[in-house]
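# Tertiary structure, described
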Amino acid sequence: MQNQERNQTIWHNCQIATMADGRYNLIEKGVIVTEKGKIRWIGSEADFSYTDYIHYHKCDLEERLVTPGFIDCHTHLVFGGNRSEEFEARLEGVSYTEIAKRGGGIQSTVNATRQASEEGLFHTAKRRIEHLMADGVTTVEIKSGYGLDLESELKMLSVIAQLKKEMPISIHTTFLAAHALPKEFGDDSDRYIDYIIEEVLPKVVEHCDIDALDAFCEHIAFSPAQVERLFIAAKEYQIPIKLHAEQLSSLHGSTLAAKYGALSADHMEYADDSDAKAMAEAGTVAVLLPGAFYMLRETQYPPIEAFKREGVKIALSTDLNPGTSPLLSLRLALNMGCTLFKLTPEETLAGVTYNAAFALGVEKSEGSLEVGKLANFVAWEVTHPAELSYWLGGTLNNRVIYQGIEISNPMNK
């Protein structure tokens, strides 16, 4: 196809789950018209006039189910090494907290990431993104946070910037300012927060294009008071915020995040009704990470019913990381959302499309198939949306369209 044709396309002979307002909203015998990377028209073929678009290229989607492109709104996919040995230790009964105290956990990945070259980090991260793309992901958030010093954090953010330039996918960059306390600071976490605010954050803002700031609020990481200092600093730079909260204990970090208008609070196993109310009032999305829940064999469930009762949007993500969620399939996270958290297939699909867009602050341009939004969608060889959370493993045959242009499956190269 010529560029003009690629920019002006009629995608027809399909069933469409628009996910507008987070619901399937199925359109039988649907048509999508795309132009210059956006959706110009969408609806039933019965209401469509081909004569209005006689110069547009026609693409037959072969009766496939079309959904919005998936959004993986919480990942740590740039890192060095892996932690398979820790996985073995946990299976033998060693807790995540004990592993961290031994110098493992996040600190282990920090050591490997600091030692890795920028080129090495880029190539391994690229391959991980390709796995996600093959599963229908068209937008991904990537966090730093395995550097924990200025040089290494800038290296990670540089890798993310390179990925953003090269990959045919939307990438959102999050500066994970306080992920863990590096060993060179001993037990002085307050001094480390000073270092981040006074030395690292200004340089990150100067040299990098970041979309959000994040932190880990937990008894093995940073206190609510320390996190609040970071939020105040982020507010001064007008940087949106996110937070790892309530994963291992209840510190009401999610309520703190809501107080500062956070895009999302993520993990949320130990959140309670008061957290849910605060998040609802602020419009803060609850991002559930079933991969970590599964890998850590957790028994404390996120307060799903409280979130639903209060009207908190629920998103799902892989939390792709080397220690607690080496999950390379967002579609598998859909199934986990159903089986572990008792969400419906419709709710899990909304969790990786409509609600995930709110978790990244891109709801005006992504997350549902509506006129004016980006033409990011996937044509699946299935007959009903529930199949996306039903099938386990493997790769479902699909065609991925990113900003109106079909892209090849990177795993076939």
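Each chain has its residues counted from 1, following the order in which its sequence is written. Totals for whole chains, interfaces and linings use every residue, but because this is a predicted model, local features are given only for residues with pLDDT of at least 70 and side-chain atom pairs only at 80 or more, for both listing and counting. Water and hydrogen atoms were dropped before computing side-chain values, which therefore reflect all heavy atoms in the structure.

The name that an unreviewed UniProt entry assigns to the protein chain is Imidazolonepropionase, with the source organism given as Ignatzschineria cameli. Listed under Function (unreviewed entry) in UniProt, the entry text for the protein chain is "Catalyzes the hydrolytic cleavage of the carbon-nitrogen bond in imidazolone-5-propanoate to yield N-formimidoyl-L-glutamate. It is the third step in the universal histidine degradation pathway." UniProt positions are given in the numbering used here, feature names are shortened, and annotations may be inferred rather than shown by experiment. Comment text from UniProt for the protein chain, heading Sequence similarities (unreviewed entry), reads "Belongs to the metallo-dependent hydrolases superfamily. HutI family."

Turning next to the overall build of the protein chain. Along the protein chain, the regular secondary structure elements total 16 helices and 15 strands. The size measure is the radius of gyration over C-alpha atoms, and the globule rule it meets is 2.2 Å times the number of residues to the 0.38 power. The C-alpha radius of gyration computed for the protein chain amounts to 21 Å, which stays within 12% of the reference 22 Å derived for 413 residues, consistent with globular compactness. The C-alpha extent of the protein chain, read off along each of the three principal axes, is 70 × 45 × 45 Å. In the protein chain, which comprises 413 residues, the proportion classed as buried is 59%. Partitioning the contacts of the protein chain with sequence separation of at least 6, the portion at a separation of at least 24 is 71%. Residue-level accessible areas treat just the shown protein chains as cover; the underlying method is Shrake-Rupley with a 1.4 Å probe. Within the structure as shown, the protein chain displays about 16,800 Å² of accessible surface, and the carbon and sulfur contribution to it stands at 48%. In this tally, Lys and Arg are treated as positive and Asp and Glu as negative; His is ignored, and so are the chain termini. Taken as the charge centre is NZ of Lys, CZ of Arg, CG of Asp or CD of Glu, depending on the residue. Taken as two groups, the 38 positive and 58 negative side-chain charges of the protein chain have centres that lie 2 Å from each other. Runs of H or I in DSSP of at least four residues are treated as helices and runs of E of at least two as strands, each being numbered from the N terminus. Any residue under 20% of the maximum accessible area for its type is buried, any over 50% is exposed, and the rest in between are partly exposed; the area is computed with a 1.4 Å probe on protein chains only. Should any heavy atoms of two residues lie within 4.5 Å, those residues are counted as being in contact.

The buried count for strand S6 (residues 137-143) comes to seven of seven residues, which makes it a mostly enclosed element. Direction of pairing for strand S5 (residues 70-72) relative to S6: parallel, over a ladder of three bridges. When the bridges of S6 are listed, Ile71 appears paired with Thr139. Any two strands are treated as partners once DSSP identifies two or more bridges connecting them.

The next point concerns the UniProt feature "binding site: N-formimidoyl-L-glutamate" (unreviewed entry) in the protein chain. UniProt feature "binding site: N-formimidoyl-L-glutamate" (unreviewed entry): in the numbering of this structure it lies at Tyr146, Asn321 and Gly323. Separation in sequence by 178 residues is not matched in space for these annotated residues, since their most distant C-alpha atoms are only 11.7 Å apart. You can see Gly323 is positioned in the loop between strand S12 (314-316) and helix H13 (330-339). In this structure Gly323 comes out as buried when scored by relative accessible area, which is 2%. In contact with Gly323, other than residues within four places in its own chain, are Arg83 and Arg90.

Attention now goes to the sheet that holds S5. Spatial strand order, S5-S6-S7-S8-S9-S10-S11-S12: eight strands in an open sheet with parallel pairing. The two strands at the open ends of the sheet, each matched to only one other strand, are S5 and S12. For this sheet the average axis-to-axis angle between neighbouring strands, irrespective of direction, equals 25 degrees. Looking at chain direction, strand S11 (residues 285-288) and S12 are connected through three bridges and run parallel. Bridge assignment links Val287 to a residue of S12, and that residue is Ala315. Between N-to-C directions, angles cover 0 to 180 degrees, with each direction set by a line fitted to C-alpha atoms, over the stretch in contact for helices.

Attention now moves to the sheet that holds strand S14 (residues 398-402). Spatially, the seven strands line up as an open sheet ordered S3-S2-S1-S4-S13-S14-S15, and their pairing is mixed. The outermost strands of the open sheet, each flanked by one partner alone, are strand S3 (38-44) and strand S15 (405-407). The average angle at which neighbouring strand axes cross in this sheet is 40 degrees, direction not considered. Alignment of strand S13 (residues 377-380) against S14, held across four bridges, turns out to be antiparallel. Within the sheet, the bridge partner assigned to Phe377 lies in S14 and is Ile401.

Let us now look at the pattern of salt bridges. Any carboxyl oxygen of Asp or Glu that lies within 4 Å of a side-chain nitrogen of Lys or Arg is treated as forming a salt bridge with it. For the structure on display, the rule yields 23 salt bridges. With its nearest N and O atoms 3.6 Å apart, the salt bridge here joins Asp188 to Arg191. Judged by its relative accessible area of 35%, Asp188 is partly exposed.

Right, let's talk about the environment of Gly104 for a bit. Inspection of the secondary structure assignment puts Gly104 in the loop between helix H3 (96-101) and helix H4 (106-115). Note on Gly104: relative accessible area 11%, which makes it buried. The spacing of Gly104 and Arg83 is 21 residues in sequence and 8.6 Å in space, taken between C-alpha atoms. In this structure Gly104 touches Glu86 and Ile99, once residues within four positions along its chain are discounted.

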